[in-house]
Amino acid sequence: MKDAKKAQVDDAHIAVHWKEEGYYQPPARFIGQANAADPDILERFSEEHFPDCFKEYADLLTWDTYWQTTLDTSNPPFWKWFVGGRLNVSYNCVDRHLATSRNKAAIIWVPEPEEERTEAVTYQDLYGRVNEFAALLRDFCGVKVGDRVTFHLPMVPELPVSMLACARLGVIHSEVFGGFSGMACGGRIADSQSRILVTMDGYYRNGELVDHKAKADEALAVAREQGIEVDKVLVWRRHAGQYASESPMVDGRDFFVDELLNDYRGTLVEPVSMPAEAPLFLMYTSGTTALPKGCQHSTGGYLAYVAGTSKYYQDIHPEDTYWCLADIGWITGHSYIVYGPLALGTTSVIYEGVPTYPDPGRPWRIAERLGVNIFHTAPTTIRMLRKLGPDEPAKYNYRFKHMTTVGEPIEPEVWRWYYDSVGKGEAAIVDTWWQTENGGFLGSTLPALQAMKPGSCGPGVLGIYPAIYDEDGNVLEPGSGRAGNVCIRNPWPGSFQTIWGSPERFIQTYYEKYCANKESKDWRDWPYMAGDGAMQAADGYLRILGRIDDVINVAGHRLGTKELESASITVEEIAEAAAVPVIDDIRGRAVEMYVSLKPGFSASSEIEKKVSKAIESHIGKIARPKNVWIVPDMPKTRSGKIMRRVIASISNFADIGDTTTLANPEIVEDIRQHVQGEKVDRGETPRELTAEELKEMAAFGAE
Ligand code: WT7
């Protein structure tokens, strides 16, 4: 890392702009009923009790064979948790609740069209559906323990049913976010070598029945190019018996699940007793290079961790009605819609569609109607609801005891609207910082025991000991006022085990930089580097400043610059492409693309549209750039490297900084005038940026 990036993470001066917010105390009504109300729990999870403290989480589960070793560190950093133990995740999330809660709703599914009926799936019902689908996977598809099955499913109950059916068989699932393109899905099928794809014909989004099955055909073609042939495509139907897609069913390859299930009615499948260390699922996430990383999550450690954090941080009791408005296609949904809440035997609400459809009162109508008392969402959604319907929450009669925010830093002002208007001043809020890699929360507050502080996520959660390191590996003490690289000093049970197929990349990306001694088998020598810049206040609370690599966080989700750029250069006319973030008040960051053309082509709005389309089809709508700028050339260093920080500064009307190292400094002013002139015409001039935002742009992509 060279100077500019170093400046971002290592610059003591960020502290000058750090405005400490005051504390908010948890409401008394909340404390009275909280799962973690006795401060003794902090002592039980203190560092001197590590790793045995996690027995408390493991004991929330039902084990077929109890484990012998809490933490095995013999092969760093491939830590093993609860070694010797065996269990089944589907048994833990479904079967074991039947005795007490057979006819209680496990899932309440809310379709997007308001006239369609809400569907309650009881634990008994879920048990039947999981067993039948597991039987189909086993007997019709022939999948076995350890095989991978890819899902490309929207927010329907069939998604958790499919996940739990795989878990029942010891089969590894890999859900690709439904909004991702067929191509993105195909790449993930190939990387995981899945022979089975589970998809759906269509689903509702923003009032439209989206044709989803079409993406499966594209996915299979892409997987084939990469050497993987999918044998069977299982198609759930949004309305059983009615096909909602234009895409033809391929004979002998594509099957309607509702038809196949007729052969498995009432079939029971014995849950396979899996070693704690067996992989449960893969979840792909973006890194700095083109290939997304398949984060491999474990069975026992993962389930224990999400159950424990759901209990103490989400404060889930079996009798709560819990609603996480994330998508199950992201890790948040896996951990905190499906596995954590169901392991605890609560009722988890799943909403199919867009939060603001048909109007921004929708979430509050759902909350009122279903009696939701725990609500979980992301800053991007909060900002959207606040913008479109600031007065809507007051119109509905619901009461939240607890609310969560996740995915990106939340502005204190937005936090206060969440607290006052959505929570009506009665709910405890937890701001939960973590990543796809981590399985569950890393930084947050214990809602009854630790005060809230808007804009800070809180200290390390139970059993997580964070530290902030400077570039040279020195620890920055809490309260030092300096920002650095946030790391977790210890292993924890929820962590991913490796990057699927790339153990070297796993070590290199997360452990290499701060490993004290590669020969050491002591976990203390192997801090986990999260890749976020952060500051820690004197009270231990972390304030996350954002990614230190070239990843753009759009609406709480990571998009790799390389992925965006390689999608753009698939357009015939494009010679070079560079992706930069632009501050967006709703989505946090949006993507802007700069492209230059091959000789012989001239700029046109068609080419801009082609670039947008290419990104949409390679990655998905979420990645669609706000603008595509066709430029005569990119600002480059003498060694030919595109200086992304220069164009990022232009896009954000920030100070362009030093351009003396450029081979072609004269181009910068041309680009600036063109881009900023257009932006002014389009009314896209940003608000005044904060010092941190300016720093981010000045360091973006710099080496
Ligand atoms: C990145 C992880 C966590 C599941 C959803 C996103 C940012 C996440 C917070 C928060 C500030 C946050 C970080 C992190 N982030 N939560 N509460 N406050 N920043 O998972 O796609 O793997 O993204 O999101 O930069 O590294 P992900």
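One can find the structure itself at the top, above this paragraph.
Quick caveat, the model's predicted, so the values are computed rather than measured.

*Asks:* How would you sum up the pairing of strand S15 (residues 293-298)? Please name residues and give values.
*Replies:* Extensive coverage of S15 is indicated by the burial of six of its six residues. Here strand S14 (residues 279-285) pairs with S15 via six bridges, running antiparallel. The residue bridging leucine 282 from the neighbouring strand is glutamine 296, located in S15. Note that S15 and strand S24 (residues 498-499) share two bridges and pair antiparallel. Directly across from glutamine 296, in S24, lies its bridge partner threonine 498.

*Asks:* With reference to specific residues and values, describe the pairing of strand S23 (residues 483-488).
*Replies:* A large share of S23 lies buried, amounting to six of its six residues. Across four bridges, strand S21 (residues 466-469) lies against S23 in antiparallel orientation. By the bridge assignment, proline 466 is partnered in S23 with isoleucine 488.

*Asks:* I'd like a rundown of the packing of helix H18 (residues 561-568) against helix H19 (residues 605-618), residues and numbers included.
*Replies:* Each pair of packed helices can be summarised by the angle the axes make with each other and by the distance between the axes. Packing of H18 against H19 brings their axes to within 8 Å, and their N-to-C directions diverge by 125 degrees. Considered as vectors, H18 and H19 are oriented oblique to each other. Considering the relative orientation of H18 and H19, their crossing is right-handed. In this structure, H18 uses Leu564, Ala567 and Ser568 to contact H19, whose residues at the interface are Val611, Ala614, Ile615 and His618. Residue composition of the contact of H18 with H19, grouped by class: five nonpolar, two polar and no charged.

*Asks:* Describe the nonpolar core, listing the residues and the values that go with them.
*Replies:* By size, the foremost hydrophobic cluster in this structure holds 116 residues, and its most contacted members are Phe54, Leu126, Phe133, Leu234 and Tyr339. The element contributing the most residues to this core is helix H7 (residues 123-139), with nine residues. For leucine 234, the contacting residues outside a window of four places in its chain are Phe133, Leu136, Leu137, Phe140, Cys141, Ile196, Leu197, Val198, Thr199, Phe255, Val257 and Leu260. Of all hydrophobic cores here, the second largest spans 62 residues; its members include Leu559, Val571, Val580 and Ala623.

*Asks:* Provide a residue-level description of the site of the ligand, including the pertinent values.
*Replies:* Of all residues adjacent to the ligand, which total 19 residues, the nearest are Asp431, Thr432, Thr436, Asp532 and Arg558. One of the backbone N or O atoms of glutamate 408 is found 3.4 Å from a nitrogen atom in the ligand. Measuring from a nitrogen atom of the ligand, one finds a side-chain N or O atom of aspartate 431 at 2.7 Å. Considered on its own, the ligand offers 560 Å² of accessible surface; in the complex 97% of this is hidden by protein. Breaking the shell around the ligand down by element, the ones donating at least two residues are helix H13 (331-343), strand S20 (428-432), strand S26 (542-547) and strand S28 (557-560).

*Asks:* Run through the sheet that holds S26, naming residues and quoting values.
*Replies:* Read across the sheet, five strands follow the order S22-S21-S23-S25-S26 without closing on themselves; strand pairing throughout is antiparallel. Among the strands making up the open sheet, the edge pair consists of strand S22 (475-476) and S26. As paired elements, S23 and strand S25 (residues 528-536) share five bridges and run antiparallel to each other. Bridging from a neighbouring strand, isoleucine 488 pairs with tyrosine 528 of S25.

*Asks:* Break down the environment of glutamate 158 for me, with residues and values.
*Replies:* Examined against the element boundaries, glutamate 158 turns out to sit in helix H8 (residues 158-169). When the C-alpha positions of glutamate 158 and arginine 129 are compared, they lie 8.8 Å apart, and in sequence the two are 29 residues distant.

*Asks:* Kindly report on the pattern of salt bridges, identifying the contributing residues and their values.
*Replies:* For side chains bearing opposite charge, pairing can occur when the charged atoms are close. Under the criterion given, the structure shown has 52 salt bridges. The shortest N-O distance in the salt bridge between glutamate 669 and arginine 672 comes to 2.8 Å. With glutamate 669 and arginine 672 both in helix H21 (residues 666-682), this residue pair falls three residues apart, about one helical turn. Through salt bridges with shared partners, a single ionic network connects Glu114, Asp359, Arg362 and Arg365.

*Asks:* Before we move on, could you go through the sheet that holds strand S17 (residues 347-351) and cite the residues and values that matter?
*Replies:* Judged by pairing direction, the sheet is mixed, and its seven strands sit side by side in the order S5-S4-S17-S16-S18-S19-S20 without closing on themselves. Two strands lie at the open edges of the sheet, namely strand S5 (119-122) and S20, each paired on one side alone. Neighbour to neighbour, the strand axes of the sheet diverge by 20 degrees on average, direction disregarded. Where strand S4 (residues 105-110) meets S17, four bridges bridge the pair, whose relative direction is parallel.

*Asks:* Kindly report on the packing of aromatic side chains, identifying the contributing residues and their values.
*Replies:* Inspection of the entire model under this criterion finds 51 aromatic pairs. Ring centres 6.5 Å apart and planes at 80 degrees place the aromatic pair tyrosine 313 and phenylalanine 441 in the edge-to-face group. Remark: phenylalanine 441 occurs in the loop between S20 and S21 and tyrosine 313 occurs in the loop between helix H12 (300-312) and strand S16 (321-324); sequence separation between them is 128 residues. The same class applies to tyrosine 313 and to phenylalanine 441, which are both buried. Positioned over the ring face of tyrosine 398 is lysine 424, at 3.8 Å from the centre of the ring.

About the thresholds
Residues numbered from 1 in each chain as written. Predicted model: local features only at pLDDT ≥ 70, side-chain atom pairs only at ≥ 80, totals over all residues. Heavy atoms only, no water. Buried < 20%, exposed > 50% of the residue type's maximum accessible area, 1.4 Å probe, protein only. Helix = DSSP H or I, 4+ residues; strand = E, 2+ residues; numbered from the N terminus. Pairing = 2+ DSSP bridges. Axes fitted to C-alpha atoms, helices over the stretch in contact; angles between N-to-C directions. Parallel < 35°, antiparallel > 145°, perpendicular 65-115°, else oblique. Left-handed = near helix turned anticlockwise from the far one by under 90°. Contact = heavy atoms within 4.5 Å. Nonpolar A, V, L, I, M, F, W, Y, C, P; charged D, E, K, R; others polar. Core = buried A, V, L, I, M, F, W, Y, C linked by side-chain atoms within 4.5 Å. Near = heavy atom within 4 Å. Polar contact = N/O pair within 3.5 Å; in protein donor to acceptor, adjacent residues only side chain to side chain. Areas by Shrake-Rupley, 256 points an atom, 1.4 Å probe, with all protein chains shown as cover. Salt bridge = Lys/Arg side-chain N within 4 Å of Asp/Glu carboxyl O. Phe/Tyr/Trp six-rings, centres within 6.5 Å; stacked < 30°, edge-to-face > 60°. Lys NZ or Arg CZ within 6 Å of the ring centre and 35° of its normal.

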